[in-house]
Amino acid sequence: MMFYELYNRLQFAASLLVAVFIVCGRLPKCEYFLARAVAACATTTALSLIPFEKIIPSWEGALIVKHLVMFLMSTGVIAVCRKCNIHVVLLVGVVGYCTQHIAAHLYIVLFDLFGNNSRFASVFMFIVCCLLSYLAVYFFFVRKLEKDSVPIINNRAQLVLSVIVFTITICLTILGVSYSFMYDSFSLLAIVCVLSIFACVLGVWVEKLMISVKQSERDMEIVNLLLKKQSQQYAGAKESVNLINIKCHDLRHGFNLRSFDGEDESEVENAINVYDSTFETGNEALDVVLTEKSLQCASKKIRLTCLLDGSELNAVKPSDIYSLFGNALDNAIESAENLDEDRKTISITQVKNGNVLKIIIENYYDGKIRMENGMPVTPKDTAFHGYGMKSMRAIVQKYGGELSVSAKGGIFGLNILLFVK
């Protein structure tokens with residue numbers, strides 16, 4: 001008897017703590033995380049043993065106090081163990097609380113339909129409900145969050161929403177228990193629990209939507225910052241390429257190679273051959289970026305082939321051309337530089353069909369590429385890595401085009417569709 005009484009008191013706290021730790025899994029850990037987590041969980045568990053129904057005369061009041069204390073303690077666990085602001089603590093606490101409530105109320109509904117008097121069966125059913133609910137929230141909410149997306153939440157709308165969701169959940173819980181006692185109807189309690197589950201699911205969905213909106217806003221800020229930076233780089237790259245052309249032209253026409261010794265002659269000839277790396281596509285910005293990247297390819301012994309009519313891109317801003325092709329070729333060079341010599345190849349081709357211009361940039365790659373929302377997910381964990389692809393998509397969409405990728409047979413393809421006159 002004592003075991004099941006203890007189990008009933010610990011059930012809420014334990015399931016809530018598990019839910020909270022699942023939801024906050026993407027947040028950065030504090031120093032001494034394990035020790036902090038153990039201490040915080042032990043404190044929360046100890047408080048869950050307090051018999052609030054014996055201290056507070058009203059059972060409704062006792063229920064409210066119990067849920068408030070457990071909620072505050074669960075948010076305290078997040079604050080102690082994870083690096084985040086108060087808005088994030090509250091958001092994660094509410095989502096964790098909703099997750100636990102989904103499991104608990106799902107258990108009540110299933111118990112009403114299929115339950116029996118076996119305590120073991122009821123414990124097993126509760127554990128199954130927790131597993132199903134936690135997995136659903138993990139795949140729907142936690143897994144789809146970018147690793148650094150949750151800590152950016154710092155707006156009042158999110159704060160207000162969290163309070164509303166928590167309040168509605170508490171009210172539905174008290175309403176369900178109250179009516180079940182008043183009318184001695186477990187089925188009525190189950191109906192209220194279904195409404196509570198719906199409210200919790202809706203709350204989690206809205207929280208996720210607001211995080212996604214905030215993430216999109218931050219992504220656009222970073223993309224615009226990168227585009228502005230690359231626009232400034234374009235001016236410097238253009239000047240450097242012009243200087244290379246002038247110097248190599250002077251070398252080719254102003255020196256007699258026969259006056260050099262064999263080794264010196266080879267070095268000078270290689271330097272002059274840089275002049276042959278320049279491109280003349282009919283678009284100055286495209287010539288600049290192709291020349292710049294071809295020199296990088298030459299230094300890494302990567303073959304770059306290009307069949308492009310740059311005049312078709314004259315309606316695109318020079319800085320956008322520089323950013324678009326610069327990011328695309330940077331990714332291709334990074335992928336190709338460590339391959340075998342016979343696969344160190346990057347090709348750029350162009351196909352025009354009516355007013356639709358398709359540009360294809362292909363290169364070999366090793367390993368596996370994980371795709372998410374049609375775009376490759378970078379395995380690197382750096383501040384701006386991965387935003388190059390987002391900036392390319394933003395540029396293409398700016399001109400009403402589409403950008404897609406393919407990865408088959410060890411060949412990665414970047415496909416750019418633009419509508420031209």
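Residues numbered from 1 in each chain as written. Predicted model: local features only at pLDDT ≥ 70, side-chain atom pairs only at ≥ 80, totals over all residues. Heavy atoms only, no water.

## Section: the overall build of the chain
Our working rule: For the purposes of this entry, the term helix denotes a DSSP run of H or I that reaches at least four residues, the term strand denotes a run of E that reaches at least two, and both are numbered from the N terminus. Here's how the labels work: a residue is buried when its accessible area is under 20% of the maximum for its type, exposed when over 50%, partly exposed in between, all with a 1.4 Å probe on protein chains only. Contact between two residues is taken to exist if any of their heavy atoms lie within 4.5 Å; hydrogens are not considered. In short, Shrake-Rupley with a 1.4 Å probe defines the accessible areas, and a residue's cover is counted only from the protein chains shown.
When you go through the chain residue by residue, the secondary structure sums to twelve helices and seven strands. Taken over 421 residues, the chain has a buried fraction of 41%. The long-range share in the chain, meaning contacts at least 24 apart out of those at least 6 apart in sequence, stands at 74%. In the structure as shown, the chain presents an accessible area of about 23000 Å², 61% of it carried by carbon and sulfur atoms.

## Details of the pattern of salt bridges
Basically, it comes down to this: Throughout this description, the term salt bridge denotes a Lys or Arg side-chain nitrogen within 4 Å of a carboxyl oxygen of Asp or Glu.
Inspection of every chain in the model, using the stated rule, returns five salt bridges. Close ionic contact of Lys293 with Asp330 constitutes a salt bridge, the shortest N to O distance being 2.8 Å. Here the residue Lys293 occupies a position in helix H10 (residues 284–299), and Asp330 occupies one in helix H11 (residues 318–336), the gap between them amounting to 37 residues. Overall, Lys293 belongs to the buried group, its relative accessible area being 6%. Using a relative accessible area of 31% as the deciding quantity, one classes Asp330 as partly exposed. Note that Asp320 and Lys398 form a salt bridge whose closest N and O atoms lie 2.9 Å from each other. Pair noted here: Asp320 is in helix H11 and Lys398 is in helix H12 (residues 387–398), with a separation of 78 residues, a long-range link.

## Section: helix H5 (residues 86–114)
So the rule is basically this: Expected helix span is given by 1.5 Å per residue-to-residue step, counting one fewer step than there are residues.
End to end, H5 covers 41 Å across 29 residues, agreeing with the expected 42 Å (1.5 Å per residue, within 8%). With 22 of its 29 residues buried, H5 lies for the most part within the structure.

## Details of unusual backbone geometry
For Tyr32, which is not glycine, the phi dihedral falls at a positive 60 degrees. The residue Tyr32 is located in the loop between helix H1 (2–23) and helix H2 (33–48) in this model. The class of Tyr32 is exposed, set by a relative accessible area of 61%. Although it is not a glycine, Lys301 adopts a positive phi angle of roughly 60 degrees. As for its placement among the helices and strands, Lys301 is situated in the loop between H10 and strand E1 (303–306). The exposed category is assigned to Lys301, whose relative accessible area is 66%.

## Some remarks on the confidence of the model for the chain
As a reminder, the rule being used: A score from 0 to 100, pLDDT tells how confident the predictor is in each residue.
Per-residue pLDDT for the chain has a mean of 76; in total, 70% of the residues score no lower than 70. Highest mean pLDDT in the chain belongs to strand E3 (residues 356–364) (91); lowest belongs to helix H9 (residues 262–273) (52). Across residues 381–385, where pLDDT falls below 50, the model places six contacts with residues more than four positions away in sequence or in other chains.

## Structural notes on a nonpolar patch on the surface
Note the following rule: Two joining distances apply to patches: 9 Å for like charges and 5 Å for nonpolar side chains (Val, Leu, Ile, Met, Phe, Trp, Tyr), and every residue must have over 30% relative accessible area and no salt bridge.
On the surface, Phe140, Phe198, Leu202, Trp205, Leu209 and Val213 cluster together into a nonpolar patch covering about 580 Å² of accessible area. Ranked by residue count, the leading element in the nonpolar patch is helix H8 (residues 186–254), at five residues. Among the structural elements, Phe198 can be located in helix H8. With a relative accessible area of 58%, Phe198 lands in the exposed category.

## Some words on the packing of H5 against helix H6 (residues 119–142)
Our working rule: What counts as an axis is a line fitted to C-alpha atoms, over the stretch in contact for a helix, and the angles between N-to-C directions run from 0 to 180 degrees. Angle categories: roughly parallel below 35 degrees, roughly antiparallel above 145, roughly perpendicular from 65 to 115, and oblique for all the rest. Crossings are assigned a handedness: left-handed for a near helix turned anticlockwise from the far helix by less than a right angle, right-handed for a clockwise turn. Polar here means any residue other than Ala, Val, Leu, Ile, Met, Phe, Trp, Tyr, Cys and Pro, which are nonpolar, and Asp, Glu, Lys and Arg, which are charged; Gly is therefore polar.
Two elements in contact, H5 and H6, have axes whose closest approach is 8 Å; the angle formed by their N-to-C orientations is 140 degrees. When the axis of H5 is compared with that of H6, the two are oblique. Note on packing geometry: the crossing formed by H5 with H6 is right-handed. Here Leu91, Val95, Thr99, Gln100, Ile102, Ala103, Ala104, Leu106, Tyr107, Leu110 and Phe111 of H5 lie close against H6, whose contacting residues are Ser122, Met125, Phe126, Cys129, Cys130, Ser133, Tyr134, Val137 and Phe141. The residue inventory of the contact of H5 with H6, partitioned by class, reads 16 nonpolar, four polar and no charged.

## Regarding the nonpolar core
Here is the rule we go by: Here, nonpolar core means buried Ala, Val, Leu, Ile, Met, Phe, Trp, Tyr and Cys residues that are tied together by side-chain atoms lying within 4.5 Å of each other.
Counting 41 residues, the largest nonpolar core has Phe325 and Leu414 as the members making the most contacts within it. Residue assignment for this core shows that the elements contributing at least two residues are H10, E1, H11, strand E2 (345–353), E3, H12, strand E6 (402–408) and strand E7 (411–419). Apart from residues no more than four positions distant in its own chain, Phe325 is found in contact with Leu286, Val289, Leu308, Leu313, Ile359 and Ile361. By size, the runner-up hydrophobic cluster in this structure holds 29 residues, among which are Phe71, Ile78, Ile102 and Ile211.

## Observations regarding the sheet that holds E2
Under the convention used in this document: Paired strands are those between which DSSP finds at least two bridges.
The strand order E1-E2-E3-E7-E6 describes an open sheet built from five strands, whose pairing is mixed. Two strands bound the open sheet, and with one partner strand each, they are E1 and E6. Between one strand and the next, the sheet's axes are offset by a mean angle of 15 degrees, whatever the strand orientation. As paired strands, E3 and E7 are joined by nine bridges and run antiparallel to one another.

## Concerning H10
Between its terminal C-alpha atoms H10 stretches 23 Å, which fits the 22 Å expected from 16 residues at 1.5 Å a residue. Where H10 is concerned, the buried positions are Ala285, Leu286, Asp287, Val288, Val289, Leu290, Thr291, Lys293, Ser294 and Cys297. Positioned one or two residues after H10, Lys301 has a phi angle of 60 degrees, which is positive.

## Some thoughts on the environment of Asp112
Along the chain, Asp112 turns up in helix H5. Counting along the chain gives 77 residues from Asp112 to Leu189, while the straight-line C-alpha distance between them is 9.1 Å.

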